[in-house]
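# Observations on the three-dimensional arrangement
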Amino acid sequence: WYINMGVKVARNEWKFGAVVNRPDANVLNDRLRILSEKIMREINRCIDDGMPVDVADIRERVWLPMSNEQRNNMIIWMREKLEKMQLAKNTLGHYRVMIESLEQSRLTSWKHVNVENLKKWDECLRMKKSKRARQIESDELKPVGDSTLACYHSKFKAMLRRAMAEGLINKNPYDVWKPELKTTRYDMIDYLSEEDVAKIRRFTPRTEAQCRAKDVFLFQCFTGLAYADAMRFDKDNYKMVDGRWMSTARRVKTGVPFVNVLLPPVVEILERYDWQLPEFSLPWYDKMLADIGRQLGLDIRLRSHVARHTFATMMLRNGVKIENLARMLGHTNI
């Protein structure tokens, strides 16, 4: 059985399961990746439900022709795509807020997607009241933060990338225009040195709350797990292999599989909590970490995701190949 995508490639334009030697190779490969992800989700669903894998049925579900209304109305298309995307609850919420903002700005059609309209939407976002201003019912317009603006733009850019892969638009305006964001540092990745990690391990917290935050942060530093994955830690998902606890699972945020090994410092922390990590909200957790960082006099602002970056740099320093590290972190793009 085959799924015909309606695109012909010459023999020299196909290599190792990907399109090459064509100006639209990246777009076609994105399209192939999206279709492959859909097929794998359907196969996994059949396996989970104990149903036979019917290739014809799967082909019908993943390659249905799009109606004219769906094709022309960008908002309808985005909402339907969102229902099929396996995303964490918070990420899903960010996408929905972004789509609502586009709808309020009347940026609802593919023909409206250009640099000029992106700039207008950016201006509208900057004029919105911040959450704090709305809470105190102030008439003063206080611009939303750059991190919030970056979230809006990154989610819209991701959707446009999917639309381009499916042939709904010819080009992504973000490729030629980027919003001006003063504090968002795309080129900077904060991480701790091994000396800083040792300093945190020696640190004696002032309160029990800080103690729990410190332990979960060190757990992340030595596992590479993101906050959402750490909060879902379950010993039952791990097996003892060659004297170490190992697990293969999928990331909460993206559904991408990853491999995880519990190193001795992690086992020590887990045994202290009877193998059940404390659970708390991300804002509270980041606040506790920021307090700890200030007390230690660290140069960077301590927050949850710094632990994941720290794990990556420690693994690279200790000779782990980047291909293996990508698998440990659950990244598809090295």
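For the structure, see preceding data.
With that out of the way, let us pick up the overall build of the protein. Regarding its fold elements, the protein presents 15 helices and 5 strands. Burial status across the protein gives 40% buried among its 334 residues. A sequence separation of at least 24 residues applies to 60% of the contacts in the protein between residues at least 6 apart. For the protein, the exposed area adds up to about 20900 Å²; of that, 50% sits on carbon and sulfur atoms.

The phi dihedral of Arg106 falls on the positive side, at around 60 degrees, and the residue is not glycine. Tracing the backbone shows Arg106 in the loop between helix 5 (89–104) and helix 6 (115–127). Residue Arg106 is classed as exposed on the basis of its relative accessible area of 71%. Unusually for a residue other than glycine, Trp275 sits at a positive phi of about 65 degrees.

With that out of the way, let us pick up helix 10 (residues 208–221). Over its 14 residues, helix 10 runs 20 Å from end to end, which matches the ideal 20 Å to within 8%, given 1.5 Å per residue. Listing the buried residues of helix 10 in full gives Ala209, Gln210, Ala213, Lys214, Asp215, Val216, Phe217, Leu218, Phe219, Gln220 and Cys221.

The topology assignment puts Lys89 in helix 5. When the C-alpha atoms of Lys89 and Lys253 are compared, they prove to be 8.3 Å apart, with 164 residues separating the residues in sequence.

Criteria and cut-off values
Within each chain, residues carry numbers counting from 1 in the order of the written sequence. Whole-chain, interface and lining totals are the exception, using all residues; otherwise, since this is a predicted model, local features are given only for residues with pLDDT of at least 70 and side-chain atom pairs are given and counted only at 80 or more. Just so you know, side-chain values use all the structure's heavy atoms and leave hydrogens and water out. Only DSSP runs of H or I with at least four residues qualify as helices, and only runs of E with at least two residues qualify as strands; both kinds are numbered from the N terminus onward. Each residue's exposure class comes from its accessible area (1.4 Å probe, protein chains only) as a fraction of the maximum for that residue type: buried when under 20%, exposed when over 50%, partly exposed otherwise. Residues count as neighbours in contact if any of their non-hydrogen atoms are within 4.5 Å of one another. Under the convention used here, a 1.4 Å probe and the Shrake-Rupley method define accessible areas, while residue burial counts only the protein chains that appear. To estimate the expected span of a helix, subtract one from its residue number and multiply by 1.5 Å.

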